[in-house]
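Here is how the chains run, residue by residue.
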Amino acid sequence: SPRELASWAKDKQYPFRFLSDSGGVVGRQYGAWESKYKVDNRSLFVVGPDGTITHVMAPFNEIDATAYTELHAAIESAAAKAPGR
């Protein structure tokens, strides 16, 4: 849920905004929209400071703890490239 996502990001103190695309607007643009079910699939995109996608996890397996380890590393890598870091 958006609330859980925000809580996780706050706990990790990431300097990024997270997106929950409940209407599928962004999912359609990134190829994550599942028209059959009218929802985004569990794809996860890390977008770097310059606006480029730096890492894709498709599908994102939210029940696998290693997925969060991979995500954490991807976010840290993108953050290291941010101006002023």
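The following paragraphs examine the structure supplied in this document.

Definitions and cut-offs
- Residues numbered from 1 in each chain as written.
- Predicted model: local features only at pLDDT ≥ 70, side-chain atom pairs only at ≥ 80, totals over all residues.
- Heavy atoms only, no water.
- Core = buried A, V, L, I, M, F, W, Y, C linked by side-chain atoms within 4.5 Å.
- Buried < 20%, exposed > 50% of the residue type's maximum accessible area, 1.4 Å probe, protein only.
- Helix = DSSP H or I, 4+ residues; strand = E, 2+ residues; numbered from the N terminus.
- Contact = heavy atoms within 4.5 Å.
- Pairing = 2+ DSSP bridges.
- Salt bridge = Lys/Arg side-chain N within 4 Å of Asp/Glu carboxyl O.

1. Focus: the nonpolar core
Of all hydrophobic cores here, the largest spans 10 residues; its members are Tyr14, Leu44, Val46, Met57, Phe60, Ala67, Leu71, Ala74, Ile75 and Ala78. For this core, the secondary-structure elements that each account for two or more residues are strand S3 (44–47) and helix H3 (65–80). The element that contributes the greatest number of residues to this core is H3, accounting for five residues. With sequence-adjacent residues up to four places away left out, Leu44 is seen in contact with His55, Val56, Met57, Phe60 and Leu71.

2. Structural notes on the environment of Ser77
With respect to the element layout, Ser77 can be found in helix H3. Ser77 gets classed as partly exposed once you look at its relative accessible area, which sits at 37%. Taking the C-alpha atoms as reference, Ser77 lies 9.9 Å from Val46; in sequence the two are 31 residues apart.

3. Topic: the pairing of S3
Side-chain alternation along S3 places Leu44 and Val46 on a buried face and Phe45 and Val47 on a face that remains uncovered. Between S3 and the antiparallel strand that follows it, strand S4 (residues 53–57), lie five residues; Gly51 among them carries a positive phi value of about 90°.

4. Describing the pattern of salt bridges
In this structure the tally under the stated criterion is one salt bridge. Linking Arg42 and Glu62 is a salt bridge whose minimum nitrogen-to-oxygen distance equals 3.6 Å. On the criterion of sequence distance, the pair formed by Arg42 in the loop between strand S2 (39–40) and S3 and Glu62 in the loop between S4 and H3 is long-range, its members being 20 residues apart.

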